[in-house]
Amino acid sequence: MRAIDSFRAMIVGELEPSPVALLLGLRMTEVEPGRTVFELDAGPQHQSPLGTVHGGIICDLADAALGCAHASQLDEGETFTTLDLKVNFMK
């Protein structure tokens, strides 16, 4: 099965989301080739010591959305991994 087909099945509830998505509460709500939309209802479990959403959670959300958008264009049997991820936070 191609990744995009798996993602579509996850969105409609036919397949379970990935374990990390379940752990963090990430939900893919839309997918088309080269594009995904994720949602996260931020709660106290996502909080940093400063009381905001932890930067690592934001990175996980970005990595999931970007990675799945890329994977949505792969053929069956193809895979990839994130080799580098850089996020800058500004006030």
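Analysis parameters
Residues numbered from 1 in each chain as written. Predicted model: local features only at pLDDT ≥ 70, side-chain atom pairs only at ≥ 80, totals over all residues. Heavy atoms only, no water. Buried < 20%, exposed > 50% of the residue type's maximum accessible area, 1.4 Å probe, protein only. Helix = DSSP H or I, 4+ residues; strand = E, 2+ residues; numbered from the N terminus. Contact = heavy atoms within 4.5 Å. Pairing = 2+ DSSP bridges.

Peer 1: Is there a simple way to think about helix 1 (residues 3–11) in this case?
Peer 2: Each turn of an α-helix holds 3.6 residues, which means side chains three or four residues apart point in the same direction. Among all positions of helix 1, only Ile4, Ser6, Phe7 and Ala9 are buried. Taken together, the buried residues of helix 1 touch strand 1 (26–32) and helix 3 (55–71). Downstream of helix 1 by a residue or two, Gly13 has a phi angle that is positive, lying close to 85°.

Peer 1: So what exactly am I meant to see when it comes to the pairing of strand 2 (residues 35–40) here?
Peer 2: Residues in a regular strand point their side chains to alternate faces of the sheet. The alternating pattern of strand 2 places Thr36, Phe38 and Leu40 on a buried face, while none of Arg35, Val37 and Glu39, on the opposite face, is buried. Pairing geometry for strand 1 and strand 2, over six bridges, is antiparallel. When the sheet's bridge partners are listed, Glu32 is paired in strand 2 with Arg35. The turn linking strand 1 back onto strand 2 is made up of two residues, and Gly34 within it adopts a positive phi angle of 85°.

Nothing here speaks to function; it is geometry throughout.
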